[in-house]
Amino acid sequence: MPRSASSCRPGEHARRGPAGDEAEPPPRRAGEEADETMPTYLKEAAGPPAGAAPGAGVREAVQAILEAVAQRGDAAVRELSARYDGWSPPTFRLAPAEVEALVAAVPEEALAAIRFACTQVRRFAEAQRQTLQDLEVEIAPGVRLGHRHIPVASVGAYVPGGRYPMVASALMSIVTARVAGVSRVVACTPPQGGRPPAATVAAMALAGADEIYVLGGVQAVAAMALGTESLAPVDMLVGPGNAYVTEAKRQLYGRVGIDLLAGPTEVLVIADETADPEMVAADLLAQAEHGPTSPAALITTSERLGRATLAEVAVQLERLPTAAVAGAAWRDYGQVIVVRDEEEAVAEADRLAYEHVQVLTREPRFFLERLRNYGSLFLGPETCVTFGDKAIGTNHILPTGRASRYTGGLWVGKFLKTCTYQACTPAASVVVAEQAARICELEGFTAHKASAELRLRRYGGRV
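### What about the overall build of the protein chain?
Counting its secondary structure elements, the protein chain contains 15 helices and 15 strands. Expressed as lengths along the three principal axes of its C-alpha atoms, the size of the protein chain is roughly 85 × 65 × 40 Å. Put simply, the protein chain has 463 residues, and 49% of those count as buried. Carbon together with sulfur atoms contributes 54% to the accessible area of the protein chain, which is approximately 21900 Å² in total.

### Quick look at a nonpolar patch on the surface
Judged by side-chain polarity, Leu135, Val137 and Ile139 come together as a nonpolar surface patch covering roughly 250 Å² of accessible area. Mapped onto the elements of the fold, isoleucine 139 is located in strand 3 (residues 135-140). Residue isoleucine 139 is classed as exposed on the basis of its relative accessible area, which comes to 55%.

### Focus: the pattern of salt bridges
Per the counting criterion, the structure on display carries 18 salt bridges. With a shortest N-O distance of 3.6 Å, glutamate 344 and arginine 340 are connected by a salt bridge. A salt bridge links glutamate 453 to lysine 449; its shortest N-O distance comes to 3.8 Å. A residue pair is termed a helical-turn pair when its members lie 3 or 4 positions apart in one helix, as glutamate 453 and lysine 449 do in helix 15 (residues 446-460) at four residues. Since its relative accessible area comes to 29%, glutamate 453 is described here as partly exposed.

### Brief notes about the packing of helix 8 (residues 277-288) against helix 10 (residues 323-333)
Two measures define how a pair of helices packs: the angle their axes make with one another and the distance between the axes. Where helix 8 contacts helix 10, the two axes come as close as 8 Å, and the packing angle between them is 105°. Here helix 10 runs roughly perpendicular to helix 8, going by the angle between their axes. Taking contact as the criterion, the partners of Leu284, Leu285 and Ala288 in helix 8 are, on helix 10, Val325, Ala326, Ala329 and Trp330. Partitioned by chemical class, the residues of the contact of helix 8 with helix 10 number seven nonpolar, no polar and no charged.

### Brief notes about the sheet that holds strand 3
Neighbouring strands of a sheet are bound in pairs by backbone hydrogen bonds; such pairs are parallel or else antiparallel. Strands sit in the order 3-4-15 across an open sheet of three strands; the sheet is antiparallel. With partners counted over all chains shown, the strands left at the sheet margins are strand 3 and strand 15 (416-424), one partner each. On average, each strand axis in the sheet is tilted by 20° relative to the strand beside it, whichever way the strands run. Pairing between strand 4 (residues 143-151) and strand 15: nine bridges, direction antiparallel. Following the sheet pairing, leucine 145 is matched in strand 15 by glutamine 422.

### Considerations on the confidence of the model for the protein chain
Mean pLDDT for the protein chain: 92, with 91% of residues reaching 70 or above. Of the regions scoring below 50 in pLDDT, residues 1-25 engages in 54 contacts with residues more than four places distant in sequence or in other chains.

### Here's the deal with the packing of aromatic side chains
One pass over the full model with this rule turns up one aromatic pair. Seen in terms of ring centroids, phenylalanine 366 and phenylalanine 367 are 5.2 Å apart; in terms of plane orientation they differ by 75°. Their pairing is edge-to-face. Residue phenylalanine 366 is classed as buried on the basis of its relative accessible area, which comes to 16%. Using a relative accessible area of 1% as the deciding quantity, one classes phenylalanine 367 as buried. Its guanidinium or amino end placed over the ring of tryptophan 330, lysine 43 lies 5.2 Å from that ring's centre, counting from NZ or CZ.

Cut-offs used in this document
Residues numbered from 1 in each chain as written. Predicted model: local features only at pLDDT ≥ 70, side-chain atom pairs only at ≥ 80, totals over all residues. Heavy atoms only, no water. Helix = DSSP H or I, 4+ residues; strand = E, 2+ residues; numbered from the N terminus. Buried < 20%, exposed > 50% of the residue type's maximum accessible area, 1.4 Å probe, protein only. Areas by Shrake-Rupley, 256 points an atom, 1.4 Å probe, with all protein chains shown as cover. Patch = residues over 30% accessible without salt bridge, like charges linked within 9 Å, V, L, I, M, F, W, Y side chains within 5 Å. Salt bridge = Lys/Arg side-chain N within 4 Å of Asp/Glu carboxyl O. Axes fitted to C-alpha atoms, helices over the stretch in contact; angles between N-to-C directions. Parallel < 35°, antiparallel > 145°, perpendicular 65-115°, else oblique. Contact = heavy atoms within 4.5 Å. Nonpolar A, V, L, I, M, F, W, Y, C, P; charged D, E, K, R; others polar. Pairing = 2+ DSSP bridges. pLDDT = per-residue confidence, 0-100. Phe/Tyr/Trp six-rings, centres within 6.5 Å; stacked < 30°, edge-to-face > 60°. Lys NZ or Arg CZ within 6 Å of the ring centre and 35° of its normal.

Right, dumping it as structure tokens:
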């Protein structure tokens, strides 16, 4: 998640940009002389976020895998799966009977939870789809313009299974594609412990995947995008993954569409004096346990709450089974920032532009009305990022690395191509052709001009 060139890390001096504009001043540290225009850091990150940009080694390794799959198809996929996952079954695609057996192996209580989440995601995606309407309008006499929302024909959904089997990710990508009207949905997930991950496969099946493959890593993404002898290529790739999977999507973009390029997950909690430090700490650590490079930040108008949260994080880490991961993330990428008021909290939150923003304040909707840069917003103590990650119904495949400045996350609209069309009456064709021909002449496009002038002759009687 690269840091914006226009922002400073704590401790840097304000400086001039290449155009002479003054860069944003860094927040001050606790103990420094107060400045009403600068927030205070009670805790700052040890360094910039790890980011989604890969190193040269990652880029080269991914390129080699993509080339191998492109050139040797199934044989390369099998070699790579055996090398990286110790997995080389007779076929990577699960037969319907195998899928049924795996679903039956999942405890009913777990299946009920998956079904609940599946229904939530579907209902919200259906409601979102209803906001996207086809259009046709007569914008001038005889000139009719329109657009249609056309689903992508085929999608490949990657469901990761590295540190944790990401059961909910299957719902986020597959259900949403189905609601959009995608005709063919292929799903891939890596093996777990030398066998298919039953709960993830169950989620894929309940979500409506047409083809389910137990295949992981770059080789899975490559097979879906490029196609092999046994797997027809798709038009679009979606789903999260590690740095290698993300780099594969980056290199394949253009040959296929993608949802977004995701880096380590991020969480920001905005809180005031009414917030519960135990809840703030729990919500920060819930995302920090994703990985040791996952940023977690608190912006608060209350220094007392900030200090209480620091103490509470330490207490919770003492008993958290995933403390080795969450503690490393908090140590290296955790921040506690004290601001003057809610307006300054908005400015700081928009500067960070984090993936998840949890609001624990007296008036959470103040932030709903003012924040511009976030992936998903969680308003009030009754909800939390965990709900969004797993079961509430909004999509958890979201922008990281400050990408929320220019994009939202995965949603039903990502699977739709908004394609325009136009039609004219003969009289309207003459009006448009005359103006278009003049613009063509200005630009020097003689063949374009001839095409327009042909309409003048045909429908306007021009010589």
